[in-house]
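Secondary and tertiary structure notes
The lines below spell out each chain.
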Amino acid sequence: MPPTASTWRTTSDNIEPICRYHGIPDLDTPTQLDERLRQAGFAEPQVTPVESPADMHRTWDLLERHDRLAHGLNDPVIAFMSSGAKALYQGARAGKFTIGRWDAEKRPDPSGL
């Protein structure tokens, strides 16, 4: 089912700050990533989500703790990093993206180069 304007805005509000603060130019679904890896010449890519979202709770807790510690500090670098951490843990806890991994091997060039 395609996203409604409401769900797209909610997702955009969560995803756009993550991309901005972490320098991520684009995000893909696992299927899109598989297609891009194949187009780039990788053989049989294996794209898998993290086993369980609960596996990441410790990471989100750590980012939230660092965000709280940075509150009130007057340092633009720390403020920027804290904003990135907050965007990441809030988006993750809201289920707005999937953490995954991929593994693939580059196909040999048939020309031998």
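Heads up: these notes are all about the structure in this document. (Residues numbered from 1 in each chain as written. Predicted model: local features only at pLDDT ≥ 70, side-chain atom pairs only at ≥ 80, totals over all residues. Heavy atoms only, no water.)

If you tally the helices and strands in the protein chain, you get four helices and two strands. Each helix and strand of the protein chain, placed in order from N terminus to C terminus, yields the pattern α-α-β-α-α-β. Counting only residues that meet the buried cut, the protein chain has 19% of its 113 residues in that class. Here the contacts in the protein chain between residues at least 6 apart in sequence split such that 74% fall between residues at least 24 apart. Accessible area for the protein chain stands at about 8600 Å²; split by element, carbon and sulfur atoms hold 56% of it. (Helix = DSSP H or I, 4+ residues; strand = E, 2+ residues; numbered from the N terminus. Buried < 20%, exposed > 50% of the residue type's maximum accessible area, 1.4 Å probe, protein only. Contact = heavy atoms within 4.5 Å. Areas by Shrake-Rupley, 256 points an atom, 1.4 Å probe, with all protein chains shown as cover.)

Before going further, it helps to spend a moment on unusual backbone geometry. For Glu-44, which is not a glycine, the phi torsion comes out positive at approximately 40°. Here Glu-44 falls in the exposed class, since its relative accessible area comes to 53%.

Looking now at the side chain of Asp-67. Examined against the element boundaries, Asp-67 turns out to sit in helix α3 (residues 57-70). Among buried Asp, Glu, Lys and Arg side chains, Asp-67 stands out as unpaired, with Lys-86 the closest opposite charge at 4.6 Å. Not counting chain neighbours up to four residues away, the residues in contact with Asp-67 comprise Ser-82, Lys-86 and Tyr-89. (Lys, Arg positive; Asp, Glu negative; His and termini not counted. Salt bridge = Lys/Arg side-chain N within 4 Å of Asp/Glu carboxyl O.)

This part covers the pattern of salt bridges. Tallied over the full model, the rule gives seven salt bridges. For Asp-28, the salt bridge identified is with Arg-36, shortest N-O distance 3.0 Å. Of the residues examined, Asp-28 reaches a relative accessible area of 32% and is grouped as partly exposed. Beyond isolated ion pairs, a larger network of salt bridges with shared partners links Asp-61, Glu-64, Arg-68 and Arg-93.

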